[in-house]
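Residue strings, one per chain:
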Amino acid sequence: MSAANLEFEQLKERYARLSQLYHVSNVIHSTLDPQEALQLILSAAIQLTRATSGSAVLINPTTGLLEILASHRLPEQVKRLKLRVGEGITGWVARHGKPARVGRVNEDPRYIMLTPEIQSELAVPLEVRGSVRGVLNVDSSQPDAFRETDQELLEELAVQASKVIHNTWLYEQSRLKARLMETLVRIGQTINSSLNLDETLRGITREACQLMGGKMSSLMLLDETRQWLDLRASHGAGAGYIEKPRLSVEESLLGVVIRRNKPVQVENVQIS
C-alpha cells in the first residue's frame, strides 16, 4: 500500500471513530442517574478503544479512596478493590492528573495485578471543574493494545464524561435536598401533632431511615451526667440492639460524635 493510500485509510478510520465518539457523547448525556451515566461512559470507552475490560473509578470524598463504581468484565473481588490515591496505575493518574498508556503492565512498577489476563492498560483522569475526581480505565488482554489515537479518543470522552458526571451530581444534590425538605416538613408535622416525646422521637428515626435508605435508625440522648448515651427511639432495630446496655461517651464509637461535636461516618462498623 502506498503512503498516500495508507494516510487515506488512517484518515478514514479516524473520521469513523470521531463519528462514533460524537454518537456515544450524545448517548451518555441521555440520563441524569449517576450510576447509569457511569456505566454508559464506561461502555463507550470500551467500545471506542476495543478494550477487553475496564472500570470507572471515583474518589470517595469521605475516605479519599478510589472506588470502582462501574466495571466491565472484572471479577467480583476486583470490583470491591479500593486504592489509595497514588497507588497503582489508576492511583498514579488520579494523583498526577495525567493519562497513562502502558503497553506491558508486567514491566511497569506502578501496576497492581488485578487479573493475570490483563496485558496493557490505558487510564485517563476525570476532571470535574478543574479537580480530578476519578479515573476512566480500560484494559486489554493483548500487549501494546492501545495507540496514541486511542488515548486521544479516551481523553476526549473523559471531557464529555466529566460534564455528565457534574450534571448528574447537581441533579442528585437537588433531588436529595428536595427529599430532605419533604422529610423536614413531615417531621415538623409529627412534632406539632403530638405531645408525646417518645412518639415524636420514633417518628424522627423512621423518617431518617427512609431519607437515607437505611435498614435501621436509632436516636440516643445524653443522661444527666453527660457520661452515658441512652437509647430513646429506634426504627428497624431488632431486640438484640434494643436490649444492649447504655453506651459510654468516653469509650464508644458514638461517643466520638459527642466528644468532638462533629458528625462521624464509618464505612464498616464491624471493624471500627
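Structure: above.
Residues numbered from 1 in each chain as written. Predicted model: local features only at pLDDT ≥ 70, side-chain atom pairs only at ≥ 80, totals over all residues. Heavy atoms only, no water.

Here we look at the layout of surface pockets
Space inside the largest pocket adds up to approximately 950 Å³. Surrounding the largest pocket, 20 residues form its lining, Ser218, Tyr241, Leu254, Val257 and Val264 being those nearest its centre. Within the residue set of the lining of the largest pocket, elements represented by two or more residues are strand S7 (217-222) and helix H8 (255-260). For the lining of the largest pocket, the element with the highest residue contribution is S7, accounting for three residues. Grouping the constituent residues of the lining of the largest pocket by class yields 14 nonpolar, four polar and two charged. Quantified by volume, the second largest pocket comes out at close to 360 Å³. The wall of the second largest pocket is formed by 14 residues, among which Leu58, Ile59, Pro61, Leu69 and Trp169 lie closest to the centre. (1 Å grid on protein atoms, 1.4 Å probe; cavity = no way out; pocket = protein on both sides within 12 Å on 5 of 7 lines; lining within 4 Å. Points joined across faces, edges and corners; volume = space filled by probe spheres on them. Helix = DSSP H or I, 4+ residues; strand = E, 2+ residues; numbered from the N terminus. Nonpolar A, V, L, I, M, F, W, Y, C, P; charged D, E, K, R; others polar.)

A closer look at helix H6 (residues 197-212)
Across its 16 residues, H6 extends 23 Å between first and last C-alpha, which sits within 8% of the 22 Å expected from 1.5 Å per residue. Along H6, the residues classified as buried are Thr200, Leu201, Gly203, Thr205, Glu207, Cys209 and Leu211. Considering only its buried residues, H6 is in contact with helix H5 (148-193), S7 and strand S8 (228-235). Where H6 begins, the capping side chain belongs to Asn196, and its oxygen is found 3.0 Å from the backbone nitrogen of Asp198. Of the residues flanking the end of H6, it is Gly213, one or two places downstream, whose phi is positive at about 65 degrees. (Expected span 1.5 Å × (residues − 1). Buried < 20%, exposed > 50% of the residue type's maximum accessible area, 1.4 Å probe, protein only. Contact = heavy atoms within 4.5 Å. Polar contact = N/O pair within 3.5 Å; in protein donor to acceptor, adjacent residues only side chain to side chain.)

Some words on the packing of H5 against H6
Put simply, H5 and H6 touch, their axes get as near as 10 Å, and they point 170 degrees apart. Considered as vectors, H5 and H6 are oriented roughly antiparallel to each other. Taken as a pair, H5 and H6 cross one another with a handedness that is right-handed. For the pair formed by H5 and H6, the contact residues are Arg179, Leu180, Thr183, Arg186, Ile187, Thr190 and Ile191 on the first element and Thr200, Ile204, Glu207, Gln210, Leu211 and Met212 on the second. When grouped by side-chain class, the residues that make up the contact of H5 with H6 number six nonpolar, four polar and three charged. (Axes fitted to C-alpha atoms, helices over the stretch in contact; angles between N-to-C directions. Parallel < 35°, antiparallel > 145°, perpendicular 65-115°, else oblique. Left-handed = near helix turned anticlockwise from the far one by under 90°.)

Quick look at the pairing of strand S5 (residues 120-128)
The two faces of the sheet receive side chains in turn, since in a regular strand these alternate between them. Taken across its nine residues, S5 has eight buried, putting it largely inside the fold. As paired strands, strand S4 (residues 100-102) and S5 are joined by three bridges and run antiparallel to one another. Counterpart to Ala100 in the pairing with S5 is Ala123. Note: S5 against strand S6 (residues 131-140), nine bridges, orientation antiparallel. Its bridge partner being in S6, Glu121 is matched across the sheet by Asp139. Between S5 and the antiparallel strand that follows it, S6, lie two residues; Arg129 among them carries a positive phi value of about 55 degrees. (Pairing = 2+ DSSP bridges.)

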